[in-house]
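So you can see what is in the structure, the chains are spelled out below.
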Amino acid sequence: MTAPHPTTLLPYAERIKLHSNPTARRILEIMDRKKTNLAVSVDVTSAAEALEVVKRVGASVCMVKTHCDIFEDFSPAFTEELVRLSKELDFVIFEDRKFADIGNTVSLQYSSGVHKIASWSDLTNAHPVPGPGIIKGLATVGQPLGRGLLLLAEMSSAGSLAVGGYTEQTFDMARKAGRDFVIGFIAQNRVDKDASPEKGEDWLIMSPGVGLAAKGDSLGQQYRTPREVVIEAGADVIIVGRGIYGVQGGEQAVKDEAERYRVEGWKAYEERLARK
Ligand code: S5P
């Protein structure tokens, strides 16, 4: 067995001081305070329904992930209420926008249009495909607001092209940009291979494609269990969508399922720390 990545042996609380970005610090503080490494992805098409899901799962999560372009009833009132809930229930908002254009265009997509993402979302993400200009473009908007950015270094879907040299170059690009704005990665593994917390370098790895029941869907999604993701792959945050909001049985069932994933994710984290 290969040695565990040193970052995975540190408690979330001890990693806070390794970050200067306010969003990264807040994520780690919430994880420690609420004993949760669970992010829920609320991929429903009604914003009103999304808020109902958030109220049910809010106590169990460190983060709520949205795709604001799938809501048919998107409005500024929705983001106002989401921000209010994020304060009341203590979670970070992550708009999963997956920016993928030149710096000038993404800075406009991030700040403007109908969604004005930077005004309400603590965290967003980008594909490194266009090169480092995408980070610069997003940083001009997000960094003064204390927002954070994740780069997509790998994807959970079958046949993804984000592998090997692409993944390595994504990490190098983040490293070169520095950690003032880029705080980590969407990835399936510990892609920050030689980053050493002893030298003060810490990255957050967030992994989607997590499910306790299904192994995948008919469109290429692939699921692993929280244990596989947190212990074997060494990810810091598990992202669960349909496994939670899609569960049958009504409001209480969704709340219970979020709590079940929180407990599974936290147990796995405690087990990974005990490997010392
Ligand atoms: O590689 C990825 C990256 C992301 S951000 N694979 C993913 O599935 N996602 C997102 O995570 C995806 O867009 C969706 O919002 C969520 C997974 O949803 P689930 O219902 O399959 O758990």
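Quick caveat, the model's predicted, so the values are computed rather than measured.

A. Molecular detail of the UniProt feature "binding site: substrate" (unreviewed entry) in the protein. Per the UniProt record, "binding site: substrate" (unreviewed entry) is annotated on Asp 43, Lys 65, Ser 156, Gln 221, Gly 241 and Arg 242. If you trace the backbone, Gln 221 turns up in the loop between strand 7 (204-207) and helix 8 (226-232). The contact partners of Gln 221, leaving out residues within four places of it in the chain, are Ser 156, Ser 157, Gly 209, Lys 215, Gly 216 and Arg 242. In terms of polar contacts, Gln 221 uses its side chain to reach the side chain of Ser 156, at 2.6 Å. Residue position: Gly 241 is located in the loop between strand 8 (237-240) and helix 9 (242-245). Look past the residues within four positions of Gly 241 in its chain and what remains in contact with it is Ser 41 and Gly 246.

B. Highlighting unusual backbone geometry. With a phi close to 45°, Lys 98 is a non-glycine residue in the positive phi region. Tracing the sequence through the fold places Lys 98 in strand 3 (residues 92-99).

C. Inspection of the site of the ligand at higher detail. Inspection of the region around the ligand gives 14 residues, with Asp 43, Lys 65, Ser 156, Tyr 223 and Arg 242 positioned closest. Between the ligand and the protein, one listed contact pairs a nitrogen atom with a side-chain N or O atom of Ser 156 at 2.7 Å. The protein chains hide 90% of the 500 Å² of surface that the ligand would expose on its own.

D. Main features of the sheet that holds strand 8. Pairing is parallel in the closed barrel, where eight strands are placed in the order 1-2-3-4-5-6-7-8. On average, each strand axis in the sheet is tilted by 30° relative to the strand beside it, whichever way the strands run. Where strand 2 (residues 63-66) lies against strand 3, four bridges are found, and the strand directions are parallel. Looking at the pairing, Met 63 lines up with Val 92 of strand 3.

E. Region of the structure containing the UniProt feature "active site" (unreviewed entry) in the protein. According to UniProt, the positions carrying the feature "active site" (unreviewed entry) are Asp 96, Lys 98 and Asp 101. Residue position: Asp 96 is located in strand 3. Beyond its immediate chain neighbours, meaning those up to four positions away, Asp 96 contacts Lys 65, Thr 66, His 67 and Asn 125. Looking at Asp 96, its side chain comes within polar contact range of the side chain of Lys 65, at 2.5 Å. Filtering out sequence-adjacent residues up to four positions away, Lys 98 remains in contact with His 67, Asn 125, Ala 126, His 127, Leu 152 and Met 155.

F. Local environment of the nonpolar core. Counting 83 residues, the largest nonpolar core has Phe 185 and Met 206 as the members making the most contacts within it. Here this core takes seven residues from helix 10 (residues 250-273), the largest share from any one element. Beyond its immediate chain neighbours, meaning those up to four positions away, Phe 185 contacts Leu 150, Leu 151, Ala 153, Thr 170, Phe 171, Ala 174, Val 191, Trp 203, Leu 204, Ile 205 and Met 206.

G. Expanded view of the packing of aromatic side chains. Applying the stated criterion across every chain, the model contains 10 aromatic pairs. Ring geometry for Phe 171 against Phe 185: centres 5.8 Å apart, planes inclined by 65°, an arrangement best described as edge-to-face. With Phe 171 in helix 7 (residues 164-177) and Phe 185 in strand 6 (residues 182-186), the pair connects residues that are 14 residues apart, well separated along the chain. Judged by relative accessible area, Phe 171 falls into the buried class, the value being 0%. Given a relative accessible area of 0%, Phe 185 falls into the buried group.

H. Examining helix 5 (residues 103-111) more closely. Taken as a whole, helix 5 has its buried residues at Gly 103, Val 106, Ser 107 and Tyr 110. Down the axis of helix 5, the buried set is contained in an arc of 105°. They therefore lie on one face. If you follow the buried residues of helix 5, they end up packed against strand 3, strand 4 (123-126) and helix 6 (133-142). Just downstream of helix 5 lies Gly 113, where phi reads positive at about 70°.

I. Region of the structure containing the pairing of strand 7. Residues Leu 204 and Met 206 of strand 7 are buried on one face, and the alternating residues Ile 205 and Ser 207, pointing to the opposite face, are buried as well. Where strand 6 and strand 7 come together, three bridges link them in parallel fashion. Pairing of Ile 186 across the sheet is with Met 206, part of strand 7. Bridge count for strand 7 against strand 8 is two bridges, and the pairing is parallel.

J. Seen up close, the pattern of salt bridges. A complete count under the given rule lists 20 salt bridges for this structure. The closest approach of N and O atoms between Asp 90 and Arg 33, which form a salt bridge, is 2.9 Å. Here Arg 33 lies in helix 2 (residues 22-34) and Asp 90 lies in the loop between helix 4 (76-88) and strand 3, a separation of 57 residues in the sequence. For Arg 33, a relative accessible area of 51% gives the class exposed. Of the charged contacts in the structure, one is a salt bridge between Arg 262 and Glu 259, with a shortest N-O distance of 2.8 Å. With Arg 262 and Glu 259 both in helix 10 and three residues apart, the pair spans about one turn of that helix. Through salt bridges that share partners, Arg 15, Arg 190, Asp 192, Asp 202, Asp 236 and Arg 272 make up one connected network.

Thresholds applied
Residues numbered from 1 in each chain as written. Predicted model: local features only at pLDDT ≥ 70, side-chain atom pairs only at ≥ 80, totals over all residues. Heavy atoms only, no water. UniProt positions renumbered as here; feature names shortened; annotations may be inferred. Helix = DSSP H or I, 4+ residues; strand = E, 2+ residues; numbered from the N terminus. Contact = heavy atoms within 4.5 Å. Polar contact = N/O pair within 3.5 Å; in protein donor to acceptor, adjacent residues only side chain to side chain. Near = heavy atom within 4 Å. Areas by Shrake-Rupley, 256 points an atom, 1.4 Å probe, with all protein chains shown as cover. Pairing = 2+ DSSP bridges. Axes fitted to C-alpha atoms, helices over the stretch in contact; angles between N-to-C directions. Core = buried A, V, L, I, M, F, W, Y, C linked by side-chain atoms within 4.5 Å. Buried < 20%, exposed > 50% of the residue type's maximum accessible area, 1.4 Å probe, protein only. Phe/Tyr/Trp six-rings, centres within 6.5 Å; stacked < 30°, edge-to-face > 60°. Arc of directions from axis to C-beta. Salt bridge = Lys/Arg side-chain N within 4 Å of Asp/Glu carboxyl O.

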